[in-house]
Amino acid sequence: MPASLEANRLSRTLAQLRRDGVPVLDLTESNPTRAGFAYDASLLAPLGDPRGLAYRPDPLGAVDARRAVSEDFARRGLAVGVERIALTASTSEAYSLLFKLLCDSGDEVLIPQPSYPLFEHLTRLDGVTAVPYRLDYHGRWSVDLSSVEAALSPRTRALLIVNPNNPTGNFVSAVDLEALAALCGSRDIAVISDEVFADYELQPETRVPRGQLTPRTDVLGFTLGGLSKSIGLPQAKLGWIAVSGDSAVCSQTMALLELECDTYLSVSTPVQLAARELLERGAPVREQIQQRTRANLATCASLVRDVPACRLLHAEGGWYGVIQVPSLMPEEELVLSLLVDSQVLTHPGYFFDFAKESFLIVSLLTPEDAFATAVSRVLDRFRMDDYS
Ligand SMILES: Cc1ncc(COP(=O)(O)O)c(C=O)c1O
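Read on for a plain summary of the structure. (Residues numbered from 1 in each chain as written. Predicted model: local features only at pLDDT ≥ 70, side-chain atom pairs only at ≥ 80, totals over all residues. Heavy atoms only, no water.)

**Some details on empty space enclosed by the protein**
The tally for this structure, following the rule as stated, stands at three cavities of 30 Å³ or more. Space inside the largest cavity adds up to approximately 100 Å³. Every residue lining the largest cavity is counted, 15 residues in all, and those nearest its centre are Asp72, Arg76, Glu195, Gly225 and Trp240. Going through the elements one at a time, helix H2 (63–75) and strand S8 (221–226) are the ones with two or more residues in the lining of the largest cavity. The calculated volume of the second largest cavity comes to roughly 40 Å³. What lines the second largest cavity is Pro112, Tyr133, Leu135, Val143, Ile161, Val162, Asn165, Asn170 and Val172. Among the secondary structure elements, those contributing two or more residues to the lining of the second largest cavity are strand S4 (129–137) and strand S6 (156–162). (1 Å grid on protein atoms, 1.4 Å probe; cavity = no way out; pocket = protein on both sides within 12 Å on 5 of 7 lines; lining within 4 Å. Points joined across faces, edges and corners; volume = space filled by probe spheres on them. Helix = DSSP H or I, 4+ residues; strand = E, 2+ residues; numbered from the N terminus.)

Quick look at the structure:
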């Protein structure tokens, strides 16, 4: 458990401003259901299927729901058999199942930095130790392989990749995945690929060849996804794990996963019965998110171009933009001052363990007009006349 449950300064300041009725432009919103997308009022109707009145638990998930997930992989050009899919209530739950499956208490999993802040809690809650490896920026992000080698130990059980990463937006390249699979496969270390944002390509035209985990047989792989991001429905609570690797190891692994899932039986029957239809009916939400995230990234790029002191880092996918800004003050002071003086809420890079300051993370889910106004206000801080 964390040593303290006290809210941080940014949250406390935001709460005070909200109590005072100060309007704040929020560049941190990552809940798609609060970002002004049009959800069809009957989108969740399939959850009312009367077959849901009967309880017939199937630990890995109802076969038709798993088949629908397998077909969703096929939509992305990936062949994953139904027998290699397990359903979960969320990606977070999938992590917990995998940490229990792969690790004893005190074992280690390698996590990328910068990346998703929840890994700290997810690992600690399962009694495993997160050991960071670095991502490096040189016009695009890639894995710092020497930091992976340095992080390996006899207790390493898994290496996590977030593909594309939150918040840096890089997909794992074919070259990087090849090297990671060689390092992990030879040491019986599993690779977990979090692909919750895989549908959200930001620059489809400029593609670096991508690594794909699911077809590999040289390393035990777990590919994670879910409705939370793929159709913008976090409240539906349906995620999945696709297992890949050597066929005998996969079969043993599925048996262990089945035992774990049988212990909790956490995925509701209605969402399993509705999975196929939700995946189909949710496509328009995904398309709206794709359009908005691409439009906002382009807006951000054009606004940043006018402010030479700042730069927008190259992002290939996901829901976030990363703006590098001059370190005129510590990041924490900067985001507090942006909040209080400019009424714009951003996340500082240190929330995501960037190696140095100063970076601001902006959510590309923000409605377009508010996004442009808020980013302009942020950049106003760094226009030449002001800070020279
Ligand atoms: C990289 C990453 N993985 C997983 C999740 C959580 O997904 P779920 O809602 O399926 O638990 C998030 C949520 O923001 C995320 O950013």
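**Structural notes on the side chain of Glu195**
Locating Glu195 in the fold gives a position in the loop between strand S7 (190–194) and S8. Judged by relative accessible area, which is 6%, Glu195 ranks as buried. Among the polar contacts listed, one links the side chain of Glu195 to the side chain of Ser193, at a separation of 2.7 Å. (Buried < 20%, exposed > 50% of the residue type's maximum accessible area, 1.4 Å probe, protein only. Polar contact = N/O pair within 3.5 Å; in protein donor to acceptor, adjacent residues only side chain to side chain.)

**Focus: the site of the ligand**
Looking at the ligand, the residues that line it are Ser90, Thr91, Ser92, Tyr116, Val162, Asn166, Asp194, Val196, Phe197, Ser228 and Lys229. Interatomic distance of 2.6 Å between a side-chain N/O atom of Asp194 and a nitrogen atom of the ligand. One of the side-chain nitrogen or oxygen atoms of Ser228 is found 2.9 Å away from an oxygen atom of the ligand. When the ligand sits alone it has 400 Å² of accessible area, and the protein chains cover 89% of it. (Near = heavy atom within 4 Å. Areas by Shrake-Rupley, 256 points an atom, 1.4 Å probe, with all protein chains shown as cover.)

**Quick word on the pattern of salt bridges**
Applying the stated criterion across every chain, the model contains 22 salt bridges. Arg157 is the partner of Asp107 in a salt bridge, and the nearest nitrogen-oxygen pair spans 3.1 Å. Of this pair, Asp107 sits in the loop between helix H3 (91–102) and strand S3 (108–113) while Arg157 is found in strand S6, placing the two residues 50 residues apart along the sequence. For Asp107, a relative accessible area of 2% puts it in the buried group. Judged by its relative accessible area of 26%, Arg157 falls in the partly exposed class. Measuring nitrogen to oxygen at the nearest pair gives 3.1 Å for the salt bridge that ties Glu277 to Arg281. Here Glu277 and its partner Arg281 are both found in helix H9 (residues 269–281), four residues apart, which amounts to about one turn of the helix. Look at the salt bridges and you will find they share partners, linking Arg9, Glu332 and Glu333 into a network. (Salt bridge = Lys/Arg side-chain N within 4 Å of Asp/Glu carboxyl O.)

**Observations concerning the packing of aromatic side chains**
Overall, the coordinates contain 10 aromatic pairs when judged by the stated rule. Pairing Phe197 with Trp319 gives two aromatic rings, centres 5.1 Å apart and planes at 70°, and the pair type is edge-to-face. Pair noted here: Phe197 is in the loop between S7 and S8 and Trp319 is in the loop between strand S10 (311–312) and strand S11 (320–324), with a separation of 122 residues, a long-range link. In textbook terms, an aromatic cluster arises when at least three aromatic residues are bridged by ring pairs, as seen for Tyr95, Phe99, Tyr116 and Phe119. The positively charged end of Arg210 is found above the aromatic ring belonging to Phe171, 3.6 Å away from the centroid. Above the ring of Phe37, the side-chain terminus of Arg292 is found at 3.9 Å from the ring centroid. (Phe/Tyr/Trp six-rings, centres within 6.5 Å; stacked < 30°, edge-to-face > 60°. Lys NZ or Arg CZ within 6 Å of the ring centre and 35° of its normal.)

**Quick look at the sheet that holds strand S9 (residues 239–244)**
Judged by pairing direction, the sheet is mixed, and its eight strands sit side by side in the order S2-S9-S8-S7-S6-S3-S4-S5 without closing on themselves. In this open sheet, the two edge strands, each paired with only one partner strand, are strand S2 (85–88) and strand S5 (141–143). Along the sheet, successive strands turn relative to each other by an average axial angle of 25°, direction set aside. The pairing of S2 with S9 spans four bridges and is antiparallel. The partner of Thr88 across the bridge, within S9, is Gly239. Sheet strands in contact with H2 are S2, S8 and S9, and its direction is about 110° off that of S2. (Pairing = 2+ DSSP bridges. Axes fitted to C-alpha atoms, helices over the stretch in contact; angles between N-to-C directions. Contact = heavy atoms within 4.5 Å.)

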